[in-house]
Amino acid sequence: MTRRSRRNRGARAGAVTALAASLAACAALPPMPPAVPDDIVPSIAAPTLAAADEERLSPDGFDAVQRMAVRIRNVGCGNLSTGSGFAVDSHTLITNRHVVAESETLQVSTYDGRDIDVATTGAAALADLAVVRTRDALPSSAALSGADPEQGEEVTVVGYPSGGELTVTVGRVIGTTTDPLHENLGEVLVTDAAVEPGSSGSAALDSDGEVIGVVYAKTGDDRSLLVPQSTLSELLADDDSFAEVDPC
Amino acid sequence: MTAPGSPWEPTTTSAVPPADGTTTAPPARGRAARITAIVLAVLLTGALATGGYLWQTTSAWQQHAADWETEAQEYAEQVATLRGELEATRAELDATTEQLDTATARITELADEKAQLGDENVASRQYLDYQRRVSEAAGVVATALGQCTAAQSQLIGYLNNREAYDQADLERFAADVEGLCDEANEANEQLQSELAQ
């Protein structure tokens, strides 16, 4: 091979190399910018309300626990007393037996002052509990908790202490005891939630708003006594548990 | 390739200039120069093209950045507007919540007032019923006692003129008077019972 041919070949190789380098450099060149979009879609979706939360929305600013509470006026034969109660479905109220006892008529009113017509009243023999069926629909109702509360659990009592305004008080479950009034079979719950005469029949709720008991008395040291929800559930499950209350 | 049958002669480049006296550039050097020129031209063309492309790209990116900036400013204005509206809505919501709280508290008060009035109404009705029962009982007592005293006065008159009446009639009348007075005592006991309530 001559020097000339070697030189030519070198030149060609150089040219090819230069061309290849140029092409490679082209690949490294920045691309042209894309068009700016007319509208930008946000990557974070706007917050929406879950269907379950929507159902919990109050139609009038009152909490569900207030909407399911009722005031019960027991117009007896020459006497008058008041108590509390709560709805467990659209036409059923739970209260205490002693709230509806010796009654000529029962007058039920809701948190917003509406009067509810009473159809029938039944009282339990084995516990200080009564069931009141209504003709009018009740505004809201509470579900029963599946289990009785443990010691230390928070409890919310909603009712009409002393027949006054609808009141919500908060306390904790202290424990259980045998019923000092001998009105209930089995043990009853003791809480430090403040109650007064007139609070009888109030719903005691857990932190989820479910019923864990029914207030029926207070002790000398200002503790409240509750019929546990397990007793209420058992009695509600048995149709014969509640006997109709005759007027006085 | 050589013709067949001729002896192979090596081709050599002579360093001696041609006999006619003309001078020519060496072919190898000329070709290299041409190639170099072509390469340089290609490189120059490529550099110019690259430069042009880069210039165009830079312009396009500048425009792109400017468009984005414009759009960002529009969005910033929208965000500022929406923030202002959000603040206003929040303030309105706070005011509405406060009004709702006031309204619910008032509804609770009114419900309580209605309940208390209902209680008072029932208590008043029961008191009126009681008063009516007491009045009726007092009336019955007064009537019975009046009848009792009148009959006793009549009996005393009969007894003062005992010979003028049949003994059996007197005894029957005395028994009737005693019955009247017993009824008066019973009515009085009922009245005392009502008063004791």
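Residues numbered from 1 in each chain as written. Chains lettered and ligands numbered in written order. Predicted model: local features only at pLDDT ≥ 70, side-chain atom pairs only at ≥ 80, totals over all residues.

Let's shift gears to the overall build of chain B. Within chain B one finds two helices and zero strands. Evaluated residue by residue, chain B yields a buried proportion of 4% over its 197 residues. Within chain B, residue pairs in contact and separated by at least 24 positions form 76% of the contacts whose partners lie at least 6 positions apart. (Helix = DSSP H or I, 4+ residues; strand = E, 2+ residues; numbered from the N terminus. Buried ≥ 20, exposed ≤ 12 C-beta atoms within 10 Å, placed from the backbone. Contact = placed C-beta atoms within 7 Å.)

With that settled, consider the sheet that holds strand 14 (residues 242-244) of chain A. All names here are of chain A. As summarised here, the arrangement of the eight strands in space is 5-4-1-2-3-7-6-14, forming an open sheet in which the pairing is antiparallel. The open sheet has two edge strands with one neighbour each: strand 5 (115-116) and strand 14. Of the pairings in the sheet, the one linking strand 4 (residues 105-110) to strand 5 comprises two bridges and is antiparallel in character. Bridge pairing links Val 108 to Ile 116 in strand 5. (Pairing = 2+ DSSP bridges.)

Before going further, it helps to spend a moment on the sheet that holds strand 8 (residues 154-159) of chain A. Residue and element names in this part refer to chain A. The six strands lie next to each other as 8-9-10-13-12-11, forming a closed barrel whose pairing is antiparallel. Strand-to-strand, the axes of this sheet are offset by a mean angle of 45°, without reference to chain direction. Relative to strand 12 (residues 211-218), strand 11 (residues 203-205) runs antiparallel, the two sharing three bridges. From the neighbouring strand, Ala 203 faces strand 12, where its bridge partner is Val 214. Against the sheet, helix 5 (residues 229-237) touches strand 12 and strand 13 (224-228), its axis set at about 40° to strand 13. (Axes fitted to C-alpha atoms, helices over the stretch in contact; angles between N-to-C directions.)

Here is the key point about a regular strand: its side chains alternate between the two faces of the sheet. Residues and elements named next belong to chain A. In terms of burial, strand 8 is a largely internal element, five of the six residues being buried. Bridge count between strand 8 and strand 9 (residues 167-178): six bridges; the pairing is antiparallel. When the bridges of strand 9 are listed, Gly 159 appears paired with Thr 167. With three bridges connecting them, strand 8 and strand 11 associate as antiparallel partners. Opposite Thr 156, over in strand 11, you have Leu 205 as the bridge partner.

Now for the interface of chain B and chain A. Each partner contributes to the interface: chain B provides 35 residues, whereas chain A provides 32 residues. In terms of residue class, the side of chain B that touches chain A is built from 20 nonpolar, nine polar and six charged. (Nonpolar A, V, L, I, M, F, W, Y, C, P; charged D, E, K, R; others polar.)

Here A:Leu236 shows up in helix 5. Residue classification places A:Leu236 among the partly exposed positions, given that 18 C-beta atoms sit within 10 Å.

All names here are of chain A. Regarding helix 5, the residues found buried are Gln 229, Thr 231, Leu 232 and Leu 235. Projected down its long axis, helix 5 shows its buried positions confined to an angular sector of 155°, all on one face. The elements touched by buried residues of helix 5 are strand 3 (92-95), strand 6 (118-124), strand 12, strand 13 and strand 14. (Arc of directions from axis to C-beta.)

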